[in-house]
Amino acid sequence: MQRRLAFRNERILHRKTSAATGKEIISIFRPDSPMKVYEHEAFYSDNWDPLAYGQDYDFSKPFFKQLQELMVRTPTLALFDEKSTNSSYCNLVVEQKNCYLVTAGWTSEDCMYVNRGDHNKNSLDLYICGRNEFCYDNVYCEDSYRLFYSHTCKDCNDCYFLYDCRGCSSCFGCAGLRNQKYHIFNKPYTKEEYLKKIKEFDLGDWNVVCNIKKQVEELRLSVPHRYAQIQKSTNAVGDHIHNVKNAYYCFDFLSGAENVKYSHWSSGEFRDSYDTGPGTGGNSELLYESVSIGVQNARCMFNFVVWYSHDVQYSINCHGSNNLFGCVSLVNKSYCIFNKQYTKEEYEKLVPNIIAHMNEMPYIDKKGRVYKYGEFFPIEISPFPYNDSIAQDYMPITKEEAEAKGYSWGEVQSKNYNITKLAADLPVKISDVPDDITQETIGCMHEGICQDGCATAFRIMPDELKFYRNLNIPLPRLCFACRHKDRLKQRNPMKLWHRKCACVGEKSENGIYQNQTKHFHGTGKCPNEFETSYFPDRKEIVYCEQCYQTEVA
Ligand SMILES: [Zn+2]
Ligand SMILES: [Zn+2]
Ligand SMILES: [Zn+2]
């Protein structure tokens, strides 16, 4: 998984010169990277031919060495965005409309600062969320409308600060509720009382929002947690997977899947696949050891960004193609090897010879690791420094550790923004924010000294200001990178621990336990055991499905 992650940069963007037009464009590749990047229009134009970069396979050199050379000399897309309109700074996305800084997702409209979303509309600051409208600052939320500052919710409308709630409307600061209305901090109110109380919270005030977030975190720790978020599934092991059949060690599926193992981050169903993602699904089947592979693919192995294709192996940035082996940036091509056109008969004869050669003369990296046929690309040939790739989000290491392992590391580029306003000097209430705030360069509160890849400064876009004003949301104090890392910290790792149910058979009051410590790991009376992404020393009360259903659902 680490190797696949190191070949995926979702949201670290750089300015880079287009090799097609000489213009300065936005790219996931660094300005000093040897990768040749083309903007979308240039890449899909008839002015160049990727087959012109092709070569005969060289039986005197390891396969991966030759593939790296082909990858560097053949132009590639600056950003991987397909079928998008009026959207900028979007990467690894398909069918976005009027979006800004939306990364790793499908089919969203009028969204900003979303990472890993699908079918969201008019929403900002989401992480792993699908089919939401007018939502803000949520993690793992689905099918909701006007849901704010929430985590792991589904079908919730007009709600704030929820954790693990379903089918709720007009609820505030609640955890573990099902089909409830007019609850505040898990206590029921009449409609009139509720509306009166909610008005008393000044939600357009930054300090109020921060205080409520702290209160809700305490509440969250006092309610039982389901050992894993798995619904409508059979024979499933993992977390945040629904409508799956026969899934093992899988995480973060926004749609269903069947017969899959060791895969993560998908939207759109997929089946019969192993070791795929992030960026998998999308009506695909028979995928193996591939990253960013999720759009209508079949029989694809060892690839990095291959969409709408079948029977493709060891290829990079290829689309609408079939029967490719070791190709880069091909569109609508068949029977090519190292960007050279062959007949079907020639192709079928040469591929087994190359596979045999990959095993006879394997690639050996700087640290002596051996890569034969059947292995994903070595990290050392990734076009991204380790810390620009999402490997740094999900399997973070230090610069020293990266160097010891032979992975490249990108130095932090000095940003030198001319900061015109500090986050601390922003108006506390959204109602006090003047129109000209969109002209300011605001200094991020973390000032670049955190471990979040802080951009040090950010701007408020006019549409963004409108959104905050309409929905009474105070201005953010952090740049997008730091806000994203805050949400990332709220998720569990993609790892499972074997644990015992913590249920002691004591009834709660409104779903809240008074004596939390009694419920910690290993003290429960229930004999059930399970695989969970909550590691044993965590503070959450973790229940088996049966006990959870009795208490919460
Ligand atoms: Zn920052
Ligand atoms: Zn930060
Ligand atoms: Zn139990």
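Rules of the game
- Residues numbered from 1 in each chain as written.
- Chains lettered and ligands numbered in written order.
- Predicted model: local features only at pLDDT ≥ 70, side-chain atom pairs only at ≥ 80, totals over all residues.
- Heavy atoms only, no water.
- Donors = N, O, S within 2.8 Å, 3.2 Å for Na, K, Ca; no water.
- Helix = DSSP H or I, 4+ residues; strand = E, 2+ residues; numbered from the N terminus.
- Buried < 20%, exposed > 50% of the residue type's maximum accessible area, 1.4 Å probe, protein only.
- Core = buried A, V, L, I, M, F, W, Y, C linked by side-chain atoms within 4.5 Å.
- Contact = heavy atoms within 4.5 Å.
- Pairing = 2+ DSSP bridges.
- Arc of directions from axis to C-beta.
- Polar contact = N/O pair within 3.5 Å; in protein donor to acceptor, adjacent residues only side chain to side chain.
- Phe/Tyr/Trp six-rings, centres within 6.5 Å; stacked < 30°, edge-to-face > 60°.
- Tetrahedral: all angles 85-135°; square planar, octahedral: opposite > 155°, others 65-115°.
- Patch = residues over 30% accessible without salt bridge, like charges linked within 9 Å, V, L, I, M, F, W, Y side chains within 5 Å.
- Areas by Shrake-Rupley, 256 points an atom, 1.4 Å probe, with all protein chains shown as cover.
- Salt bridge = Lys/Arg side-chain N within 4 Å of Asp/Glu carboxyl O.

Engineer: What's the story with the coordination of the zinc ion (ligand 3) in this structure? I'm lost.
Structural biologist: Put simply, the ideal angle at a metal is 109.5 degrees for four donors in tetrahedral geometry and 90 or 180 degrees for six donors in octahedral geometry. Bound to the zinc ion (ligand 3) are the protein donor atoms C501 (SG), C526 (SG), C544 (SG) and C547 (SG), situated 2.3 Å from the metal. Written as a sequence motif, the donor arrangement for the zinc ion (ligand 3) is C-x24-C-x17-C-x2-C. Linking C526 in the loop between β39 (497–500) and β40 (529–532) with C544 in the loop between β41 (541–543) and α11 (545–551), this pair joins segments that are 18 residues apart in sequence. C544 shares its class with C526; the two are buried.

Engineer: What am I meant to see in the nonpolar core here?
Structural biologist: In a soluble, globular protein the nonpolar side chains are often hidden away together inside. Of all hydrophobic cores here, the largest spans 71 residues; its most connected members are F63, F64, F325, I337 and F377. Sequence-distant contacts of F63, defined by excluding residues within four places in its chain, comprise Y57, Y314, F325, G326, F338, I354 and M358. Y100, L124, I184 and Y194 belong to the second largest nonpolar core, which has 41 residues in total.

Engineer: Is there a simple way to explain the sheet that holds strand β36 (residues 421–422) in this structure?
Structural biologist: The strands making up a sheet are joined through hydrogen bonds of the backbone, oriented either antiparallel or parallel. Strand order in the open sheet made by the three strands is β36-β37-β38, with mixed pairing throughout. Every other strand in the sheet has two partners, leaving β36 and β38 (457–458) as the edge strands with one partner each. In this sheet, strand β37 (residues 442–443) lies alongside β36 in parallel orientation, the contact comprising two bridges. Residue L422 lies in a different strand from β37, and its bridge partner there is G443.

Engineer: Would you take a moment to explain helix α3 (residues 63–73) for this structure?
Structural biologist: One turn of an α-helix holds 3.6 residues; hence residues three or four places apart share an orientation. Buried within α3 we find F63, F64, Q66, L67, L70 and M71. Considered in projection along α3, the buried side chains sweep an arc of 160 degrees and stay on one side of the axis. Residues of α3 that are buried in the fold lie against β30 (316–319), β31 (322–325), α6 (344–360), β34 (363–364) and β35 (370–371).

Engineer: Is there a simple way to explain the side chain of H225 in this structure?
Structural biologist: Here H225 lies in strand β17 (residues 224–226). The buried category is assigned to H225, whose relative accessible area is 1%. Side chain to side chain, H225 and R220 meet in a polar contact 3.2 Å long. Among all residues touching H225, those that are not within four sequence positions of it are Y163, R220, Y534, E540, I541, V542, Y543 and Y548.

Engineer: Would you explain the packing of aromatic side chains in this entry?
Structural biologist: Each aromatic ring pair is summarised here by two numbers: the centre-to-centre distance and the angle between the ring planes. Applying the stated criterion to the full structure yields 55 aromatic pairs. A centroid spacing of 6.1 Å and a plane angle of 90 degrees characterise the contact between F172 and F185, whose relative ring orientation is edge-to-face. Of this pair, F172 sits in strand β14 (residues 169–172) while F185 sits in the loop between β15 (181–184) and β16 (187–188), and the two are 13 residues apart along the sequence. Given a relative accessible area of 0%, F172 falls into the buried group.

Engineer: Got a minute to help me understand the pairing of strand β2 (residues 24–27) in this structure?
Structural biologist: Along any regular strand, the residues point their side chains to alternate faces of the sheet. In terms of strand pairing, strand β1 (residues 14–17) meets β2 through four bridges, oriented antiparallel. Bridging across to β2, R15 finds its partner in I26. In this antiparallel pair of consecutive strands, β1 and β2, the connection spans six residues, and G22 shows a positive phi of 75 degrees.

Engineer: What is the right way to look at the coordination of the zinc ion (ligand 1) in this model?
Structural biologist: Distances from the zinc ion (ligand 1) to its protein donors, C444 (SG), C454 (SG), C479 (SG) and C482 (SG), fall at 2.3 Å. If you look at the zinc ion (ligand 1), its four donor atoms make angles of 102 to 116 degrees with each other, and the shape they trace is tetrahedral. Considered as a linear motif, the donors of the zinc ion (ligand 1) on their single chain read C-x9-C-x24-C-x2-C. Between the zinc ion (ligand 1) and the zinc ion (ligand 2) the interatomic distance comes to 4.2 Å, and C482 is a ligand of both metals. Under the relative-accessibility criterion, C482 is labelled buried at 0%.

Engineer: Is there a simple way to think about the environment of I198 in this case?
Structural biologist: Tracing the sequence through the fold places I198 in helix α4 (residues 191–200). As a C-alpha pair, I198 and F172 span 26 residues in sequence and 8.0 Å in three-dimensional space. Excluding residues within four positions of it along the chain, I198 makes contact with F172 and I184.

Engineer: Just to check I follow, could you spell out a nonpolar patch on the surface for this structure?
Structural biologist: Residues Y248, Y262 and Y274 make up a contiguous nonpolar surface patch of roughly 280 Å² in combined accessible area. Tracing the backbone through its elements, the reader meets Y248 in strand β21 (residues 244–253).

Engineer: Got a minute to help me understand the pairing of strand β6 (residues 91–94) in this structure?
Structural biologist: Pairing analysis gives two bridges linking strand β5 (residues 81–82) to β6, with the strands arranged parallel. When the sheet's bridge partners are listed, E82 is paired in β6 with V94. In terms of strand pairing, β6 meets strand β7 (residues 100–106) through three bridges, oriented parallel. Along β7, the bridge assignment pairs N91 with T103.

Engineer: Help me understand the environment of Y342 in this model?
Structural biologist: For Y342, the location among the structural elements is in the loop between β33 (340–341) and α6. Taking the C-alpha atoms as reference, Y342 lies 50 Å from C479; in sequence the two are 137 residues apart. Contacts of Y342, omitting those with residues within four sequence positions, involve D56, Y335, I337, Y347 and L350.

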